Amino acid sequence: DAGVTQSPTHLIKTRGQQVTLRCSPKSGHDTVSWYQQALGQGPQFIFQYYEEEERQRGNFPDRFSGHQFPNYSSELNVNALLLGDSALYLCASSWDSSGANVLTFGAGSRLTVL
Amino acid sequence: GNSVTQMEGPVTLSEEAFLTINCTYTATGYPSLFWYVQYPGEGLQLLLKATKADDKGSNKGFEATYRKETTSFHLEKGSVQVSDSAVYFCALIRIKAAGNKLTFGGGTRVLVKP
């Protein structure tokens with residue numbers, strides 16, 4: 001049973017560019033959350049998607065946007081990249097949005113902005 | 001708002017030593033508390049959890065007790081192994097109707113030497 005899969009695993013972009021990160025949730029899960037983990041820090045919540053809608057959002061600018069597809073997979077888009085966007089982006093899934101069920105995390109996509 | 005504070009690392013130990021990582025939290029209501037572990041190059045894995053006061057979470061020899069009176073959830077292991085070298089994150093979540101997020105501490109790096 002595959003867990004949460006993320007792609008790409010590593011990527012390098014330059015300032016001002018745009019990036020799209022992808023996530024496939026664990027089988028049976030319908031809720032996807034995204035977190036940003038800067039080097040040496042704890043993950044910070046970006047947003048959560050359930051039933052193809054953004055249900056909750058953390059303190060991130062509108063440059064960060066997302067989407068959830070009917071098959072529950074999700075994308076994270078970041079526009080106008082800044083050096084400070086360099087981080088490990090983690091996707092987590094669960095089988096409902098209540099928070100009562102434990103999140104399963106993927107291995108992450110490491111973004112480097114030059 | 002919610003917050004989690006954990007002791008800064010790195011924590012360097014010899015094999016078979018006793019490990020304690022302190023974690024305190026600030027939250028309204030009754031959060032659920034978690035410890036996640038991140039091995040080098042990997043995503044987050046749930047280590048243990050506790051959902052109400054005085055609950056003890058345990059897994060793989062690790063334990064943590066939910067202490068509401070001291071708002072703490074300290075992680076302990078009686079005899080660490082080299083394979084326990086990782087970064088440990090304390091986190092909390094508040095259950096509510098529409099969407100939830102994990103709030104993480106900054107992480108504590110543990111290095112166990114043979």
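Residues numbered from 1 in each chain as written. Chains lettered and ligands numbered in written order. Predicted model: local features only at pLDDT ≥ 70, side-chain atom pairs only at ≥ 80, totals over all residues. Heavy atoms only, no water.

### Remarks on the overall build of chain A
(1) Moving on: What chain A contains, in helices and strands, is zero helices and 11 strands.
(2) Moving on: Across chain A, helices and strands are ordered from the amino to the carboxyl terminus as β-β-β-β-β-β-β-β-β-β-β.
(3) Moving on: The C-alpha radius of gyration computed for chain A amounts to 13 Å, which stays within 12% of the reference 13 Å derived for 114 residues, consistent with globular compactness.
(4) Moving on: For chain A, the spread of C-alpha atoms along the three principal axes comes to 35 × 25 × 25 Å.
(5) Moving on: Burial statistics for chain A: of 114 residues in total, 51% are counted as buried.
(6) Moving on: Sequence-distant contacts, at least 24 apart, represent 53% of the contacts inside chain A between residues at least 6 apart.
(7) Moving on: Accessible surface for chain A amounts to roughly 5,300 Å². Of this, 48% is attributable to carbon and sulfur atoms. (Helix = DSSP H or I, 4+ residues; strand = E, 2+ residues; numbered from the N terminus. Rg over C-alpha atoms; globule rule 2.2 N^0.38 Å. Buried < 20%, exposed > 50% of the residue type's maximum accessible area, 1.4 Å probe, protein only. Contact = heavy atoms within 4.5 Å. Areas by Shrake-Rupley, 256 points an atom, 1.4 Å probe, with all protein chains shown as cover.)

### As for the sheet that holds strand 3 (residues 19-21) of chain B
Residues and elements named next belong to chain B.
(1) Moving on: Spatially, 3-9-8-7 is the arrangement adopted by the four strands of the open sheet, whose pairing is antiparallel. For this open sheet the edge positions go to strand 3 and strand 7 (56-59), each flanked by a neighbour on one side alone. Neighbour-to-neighbour, the strand axes of this sheet turn through a mean angle of 15°, independent of strand direction.
(2) Moving on: Where strand 3 and strand 9 (residues 75-77) come together, three bridges link them in antiparallel fashion. Paired with Ile21 across the strands is Leu75, a residue of strand 9. (Pairing = 2+ DSSP bridges. Axes fitted to C-alpha atoms, helices over the stretch in contact; angles between N-to-C directions.)

### Focus: the sheet that holds strand 8 (residues 74-78) of chain A
All names here are of chain A.
(1) Moving on: Ordered by their spatial adjacency, four strands build an open sheet running 1-3-8-7, and the pairing between neighbours is antiparallel. Each end of this open sheet is capped by a strand with a single partner; those strands are strand 1 (5-7) and strand 7 (64-68). Ignoring which end each strand starts from, the neighbouring axes of this sheet average 20° apart.
(2) Moving on: Note: strand 3 (residues 19-24) against strand 8, five bridges, orientation antiparallel.

### A few points about unusual backbone geometry
Leaving glycine out, the prevailing phi sign among residues is negative, and the prevailing peptide bond configuration is trans.
(1) Moving on: Here A:Ser7 and A:Pro8 are connected by a cis peptide whose omega angle stands at -10°.
(2) Moving on: Cis geometry marks the peptide bond from B:Gly9 to B:Pro10; its omega dihedral reads 0°.
(3) Moving on: With respect to the helices and strands, the residue B:Pro10 is situated in the loop between strand 1 (3-6) and strand 2 (11-14).
(4) Moving on: For A:Glu51, which is not glycine, the phi torsion reads 50° and is therefore positive.
(5) Moving on: With respect to the helices and strands, the residue A:Glu51 is situated in the loop between strand 5 (44-50) and strand 6 (53-57).
(6) Moving on: Positive phi, close to 55°, is recorded for B:Lys60, a residue that is not glycine.
(7) Moving on: For B:Lys60, the position within the fold is in the loop between strand 7 and strand 8 (62-65).

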